Amino acid sequence: MSLSPGTRWVIHLPVTVPDLARARMLARTAARALASLTRAVDTGEVTVSEEDSQGVRHRVYCDRLLPGGGRCALPTDHLVPCTRRIVRHQRNTLRFR
Ligand SMILES: [Zn+2]
């Protein structure tokens, strides 16, 4: 069986966390970690759902289309203007530009 190079798949990875905010946080962390290993991960399309309501998906990244191209790389509930880059200044500290 051969697959088209453009075939998209979804990995479902159950986790146990107290709420949606922490589920989004863990999903962003997992997506960034995987994206650092392979370009096959589309971090902007990452969603989370409750196990018993998998049809109700919550985005974890804004992913809004930006003027001039590209997508917003900030979390879905960000309060600052959209941007396409996340800049790391110190270990465990993210800054947005
Ligand atoms: Zn945004």
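My aim in this report is to walk through the structure given alongside it, one point at a time. Values in this document were obtained by computation on a predicted structure and should not be read as measured data. (Residues numbered from 1 in each chain as written. Predicted model: local features only at pLDDT ≥ 70, side-chain atom pairs only at ≥ 80, totals over all residues.)

When helices and strands are counted, the chain shows one helix and four strands. For the chain, the N- to C-terminal ordering of α and β elements is α-β-β-β-β. A burial count over the chain gives 10% of its 97 residues as buried. A separation of at least 24 residues holds for 13% of the contacts in the chain among residues at least 6 apart in sequence. (Helix = DSSP H or I, 4+ residues; strand = E, 2+ residues; numbered from the N terminus. Buried ≥ 20, exposed ≤ 12 C-beta atoms within 10 Å, placed from the backbone. Contact = placed C-beta atoms within 7 Å.)

Looking now at the environment of arginine 24. Tracing the chain through its elements places arginine 24 in helix H1 (residues 20-35). On the basis of neighbour count, arginine 24 is assigned to the buried category, with 21 C-beta atoms found within 10 Å. Beyond its immediate stretch of four places on either side in the chain, arginine 24 contacts Val48, His58, Val60 and Pro75.

The subject of this paragraph is the nonpolar core. Listed in full, the eight residues of the largest apolar core are Ala27, Val46, Val48, Val60, Tyr61, Cys72, Ala73 and Leu74. Aside from chain neighbours lying at most four places away, what touches valine 46 is Ala27, Ala31, Val60 and Tyr61. (Core = buried A, V, L, I, M, F, W, Y, C linked by C-beta atoms within 7 Å.)

Attention now moves to unusual backbone geometry. With phi around 60 degrees, aspartate 63 is a residue other than glycine that occupies positive phi space. Relative to the elements of secondary structure, aspartate 63 occurs in the loop between strand S2 (53-59) and strand S3 (86-90). Since 18 C-beta atoms lie within 10 Å of it, aspartate 63 is described here as partly exposed.

The subject of this paragraph is the pairing of S2. Walk down a regular strand and you will see the side chains alternate between the two sheet faces. With respect to burial, S2 is a largely exposed element, only zero of its seven residues being buried. Pairing of strand S1 (residues 47-50) with S2, which is carried by three bridges, proceeds in the antiparallel orientation. Paired with valine 48 across the two strands is histidine 58, which belongs to S2. (Pairing = 2+ DSSP bridges.)

A few words on H1. The end-to-end C-alpha distance of H1 is 22 Å, a good match for the 22 Å that 16 residues give at a rise of 1.5 Å each. Listing the buried residues of H1 in full gives Arg24, Ala27 and Arg28. The buried residues of H1 all sit within an arc of 100 degrees when viewed along its axis, so they share a single face. Exposed residues lying more than 90 degrees from the buried face of H1 are Thr29 and Ala33. (Expected span 1.5 Å × (residues − 1). Arc of directions from axis to C-beta.)

The topology assignment puts aspartate 19 in the segment before H1. Along the primary structure aspartate 19 and glutamate 50 are separated by 31 residues, whereas in three dimensions their C-alpha atoms are 9.3 Å apart.

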